[in-house]
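Examination of the molecular architecture
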Amino acid sequence: MHRGTAGQIRARAKPESGSVHVLSTRGPHVFSRRSVGCVKARIASVQKARCRREFLYSVDQPCSNALKEQMTAQEVRLCGLLLQEHFGEVVAKVGTHLLKSGAQNLRTIIHETGISLDLVKKSLCVLVQHGTCVFSSGRKAPGSPTEYRTSCDRILRILRYPRYIYTAKTLYGDTGELIIEELLQRGDMTMSSTVKTVADRLTQNMEEGRSMDYSEVSSAFSKLVETHFLQRCPPMAGAGTKDSGTPATPATPAIPGTPAAPVSTAPPTPESFPDCYRVPHVTLIGRGKRRLSNEDGEDQRNAKKTKMDSETHGDEGIYWQVNFERFHLHFRDQAIISAVANKLDQTSSEIVRTMLRMSEVTTSPTATCTKPLSANEIFRSLPSSYNIPRPILDQYLTLLVDDPMEFVGKAGESGGGMYVVNLHKALANLARATLESVVQERFGSRSARIFRLLLRKRHLEQKQVEDFAMIPAKEAKDMLYTLLSQNLVQLQEIPKTPDYAPSRTFYLYTVNQLPTARMLLQNCYKTVANLIERRLFESKESKRLLEKSQRIEAILASLQASGAEPEQLTEVEEMITAPEKQQLEALRLHINKLDSAENQVDETIFLLESYVNSTATS
């Protein structure tokens, strides 16, 4: 490539992309020790000036922007689709309006959405029941109407419901699975009603003559509470009633002539009161009951329901909900354990699993690392089935500490050595591996090599990228421009002089991991929304065939329950023709693929969200 001479043009525009390619009059520039120090000093000064400008800009912004959550159009779109799929169009319209408009009172919601008072009240009840909406006293003045607000984080949990249920099934079997499923469907329930419902469902699937005892379901419920997967709902204090809009009484009386103290609009957290994880004494004796047939059991069921409502079990008014944060900590730990197993071996992952299990109760959810554990404690807590001698354990701990991924760190020498699991570093490395994987899948292995090189070296000129990556100049330039156009790589200008002349400016390529992770997170939200829309479209197109299949399956189930002959069952099955069966099979296969893709993208979303949140807390 022609580099140009001293009297020629210093910069040349690239026709196809419109970007500027900087030419050097002295060939490829190689930094000396002195020039590297100058560049680093200049980078620090530029970044300091930029931070100062951003601070001044943030100070000048109005307060309303600070109160408004950072929600993008893709997040609002995905939340609307989730609400529509699970609760219907009216609830989705109210929830989406609150996401876009922020906290509003009942009168404003009715006026701006055009929905009737009764439907708005019911929609808000549904959203509050499932924890996706909170209410508090008005912010304008004492006595102002109650305001309702919702957030994307609470609604996006709906996307992870299948994963919560599967985790409960893995840890606590079918009983734990049904307990979590019932609480997710209802929002919150008392322990007695949950135990009865789950016992009835388990009895329904058992053989004739067998039933599930209430005590077994109560034991599984208690285990879920002990491990903090379930928690009590926080008491509704700090806000007035929905209809009256009367705010809570302030803790300290207002003094005349002084400005009123700001009223906290944050909802109470379950951990803010001491009985959050205390299981009440419930008097439940009996076994699950089978569901009666529709023909002869309607009157009996209504009578029994009235009788059950009048019974007392000792837990009236104590409602329970799923602790989503505890599930998220479990998902984070499993991601770290899986990464260690893939990077090293299964024994190393079991050592990390033991460390995480020992510190899961004592470590704060926002902590950067676990509490220090001595090698002696880790050795005593290892599963006996692995039979790892103490010298081998020391070698594995040394290997984990020296690993570049830094999953495990050393915090001291007492007790044979104090070790911690670096939670935030692990999340950063997992997010980094995800970004590298995305670049490799979209742009190929050579672009991934350049991306990985920039992550490691931080700042490089184009010539240095070509040399270090061992890629021809033309291909490296095209790959850098492609990554730059997709905002995966950034270009930083380091001027030698204040005039930013191209001949006296260094152009360094770099990768900012956090903004890139945020951008990829938005792409994941868009992907899941597209998958949901496609699945809904496929189901709508074959709605008639699906309804016919469901009717025939219901007829077959009733005939089998009544002991019908095989000829009758065959006659009912033949109501669906062979082409319809093929169409149904293809539709189910396609929908299963879409569901599987949603779950896989959600795993990436969780990983990137955990990384972004960890940078905010640290």
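To start, this report covers the structure provided alongside it. All residue numbers refer to position in the chain's written sequence, counted from 1. Restriction of local features to residues with pLDDT of at least 70 applies here, the model being predicted, together with a cutoff of 80 or more for giving and counting side-chain atom pairs; totals for whole chains, interfaces and linings are based on all residues. Side-chain descriptors were evaluated using all non-hydrogen atoms of the structure, hydrogens and water having been removed beforehand.

**Notes on the sheet that holds strand β6 (residues 189-190)**
What links the strands of a sheet is backbone hydrogen bonding, and the strands pair in either a parallel or an antiparallel sense. Short version of the rule: When DSSP finds two or more bridges between two strands, those strands count as paired. Counting from the N terminus, the helices are the DSSP runs of H or I reaching at least four residues and the strands are the DSSP runs of E reaching at least two. Contacts between residues were defined by any pair of non-hydrogen atoms, one from each residue, lying within 4.5 Å. Think of each axis as a best-fit line through the C-alpha atoms, taken over the contacting stretch in the case of a helix, with angles from 0 to 180 degrees between the N-to-C directions.
Strand order in the open sheet formed by three strands is β6-β8-β7, and the pairing between neighbours is antiparallel. With one partner strand each, in any of the chains shown, β6 and β7 (230-232) form the two edges of the open sheet. Relative to strand β8 (residues 319-322), β6 is paired through two bridges, and the arrangement is antiparallel. Each bridged residue has a counterpart across the sheet, and for Met 189 the counterpart in β8 is Trp 320. Strands in contact with helix α8 (residues 161-186) are β6, β7 and β8; relative to β8, the strand with the most contacts, it is inclined by about 100°.

**As for the packing of aromatic side chains**
In plain terms, the rule: The aromatic pairing rule takes the rings of Phe, Tyr and Trp, using the six-membered ring of Trp, and pairs them if the centres are within 6.5 Å, calling planes under 30 degrees apart stacked, those over 60 edge-to-face and the rest tilted. Placement of a positive charge over a ring is assigned whenever Lys NZ or Arg CZ falls within 6 Å of the ring centre and within 35 degrees of the normal to the ring plane.
Applying the stated criterion across every chain, the model contains 11 aromatic pairs. With centroids separated by 5.9 Å and ring planes inclined at 5°, the aromatic side chains of Tyr 164 and Phe 331 adopt a geometry described as stacked. Here Phe 331 lies in helix α12 (residues 324-343) and Tyr 164 lies in helix α8, a separation of 167 residues in the sequence. An aromatic cluster of three or more residues is present, and its members are Tyr 161, Tyr 164, Tyr 172, Phe 229, Phe 324, Phe 327, Phe 331 and Phe 606. When the ring centre of Phe 229 is taken as origin, the NZ or CZ atom of Arg 326, which lies over that ring, is 4.6 Å away.

**Details of the nonpolar core**
To keep it simple, the criterion reads: By nonpolar core is meant a set of buried Ala, Val, Leu, Ile, Met, Phe, Trp, Tyr and Cys residues that side-chain atoms within 4.5 Å join together. We call a residue buried when its accessible area falls under 20% of the maximum for its residue type, exposed when it is over 50%, and partly exposed in between, using a 1.4 Å probe and counting protein chains only.
In this structure, Leu 124, Ile 179, Ile 180, Leu 230, Ile 450 and Leu 454 are the most contacted members of the largest nonpolar core, which totals 95 residues. Setting aside chain neighbours within four positions, we find Leu 124 in contact with Val 94, Leu 98, Leu 106, Ile 109, Cys 133 and Tyr 148. If you look at the next biggest cluster of nonpolar residues, it comprises 25 residues, including Ile 336, Met 355, Leu 397 and Val 408.

**Let's talk about the packing of helix α16 (residues 423-443) against helix α17 (residues 445-457)**
Cut-off, in case you're wondering: Reported orientations rely on four angle classes, namely roughly parallel under 35 degrees, roughly antiparallel over 145, roughly perpendicular from 65 to 115, and oblique for the rest. Crossings are classed by handedness, with left-handed meaning an anticlockwise turn of the near helix from the far one by less than a right angle and right-handed meaning a clockwise turn. We call Asp, Glu, Lys and Arg charged. Ala, Val, Leu, Ile, Met, Phe, Trp, Tyr, Cys and Pro are nonpolar, and the rest, Gly among them, are polar.
Two numbers describe how α16 lies on α17: the axes approach to 7 Å, and their chain directions differ by 150°. Classified by the interaxial angle, the pair formed by α16 and α17 is roughly antiparallel. The handedness of the crossing between α16 and α17 comes out as right-handed. Taking contact as the criterion, the partners of Arg 432, Leu 435, Glu 436, Val 439, Gln 440 and Phe 443 in α16 are, on α17, Ser 445, Ser 447, Ala 448, Phe 451, Arg 452, Leu 455 and Arg 456. Residue composition of the contact of α16 with α17, grouped by class: six nonpolar, three polar and four charged.

**Considering the side chain of Thr 510**
Rules: Definition of a polar contact: a pair of N or O atoms within 3.5 Å, with one able to donate and the other able to accept a hydrogen when the atoms are protein atoms, and with sequence-neighbouring residues admitted only if both atoms are side-chain atoms.
Looking at where Thr 510 falls in the secondary structure, it is placed in strand β13 (residues 505-510). With a relative accessible area of 4%, Thr 510 lands in the buried category. Only 2.7 Å separates the side chain of Thr 510 from the backbone oxygen of Arg 458, close enough to count as a polar contact. Contacts of Thr 510, omitting those with residues within four sequence positions, involve Arg 458, His 459, Val 489, Gln 490 and Gln 492.

**Some remarks on the pairing of strand β5 (residues 147-150)**
Inspection of the sheet shows strand β3 (residues 104-105) paired to β5 by two bridges, in the antiparallel sense. When the sheet's bridge partners are listed, Gln 104 is paired in β5 with Tyr 148. Inspection of the sheet shows strand β4 (residues 133-136) paired to β5 by four bridges, in the antiparallel sense. By the bridge assignment, Cys 133 is partnered in β5 with Thr 150.

**Section: the pattern of salt bridges**
In plain terms, the rule: For salt bridges, the criterion is a side-chain nitrogen of Lys or Arg within 4 Å of an Asp or Glu carboxyl oxygen.
Within the structure shown, the criterion is met by 26 salt bridges. Among the salt bridges present, the one from Arg 160 reaches Asp 602, with a minimum N-O distance of 3.2 Å. In this pair, Arg 160 sits in the loop between α7 (152-156) and α8 while Asp 602 sits in helix α23 (residues 578-617), placing the two residues 442 residues apart along the sequence. Classification of Asp 602 as buried rests on a relative accessible area of 3%. Where Glu 182 meets Arg 186, a salt bridge forms, and the shortest distance between an N and an O atom there is 3.5 Å. Here Glu 182 and its partner Arg 186 are both found in helix α8, four residues apart, which amounts to about one turn of the helix. Of the residues examined, Glu 182 reaches a relative accessible area of 3% and is grouped as buried. Exposure remark for Arg 186: the relative accessible area of 39% places this residue in the partly exposed category. A single salt-bridge network, built from bridges that share partners, covers Glu 85, Arg 535, Asp 595 and Glu 598.

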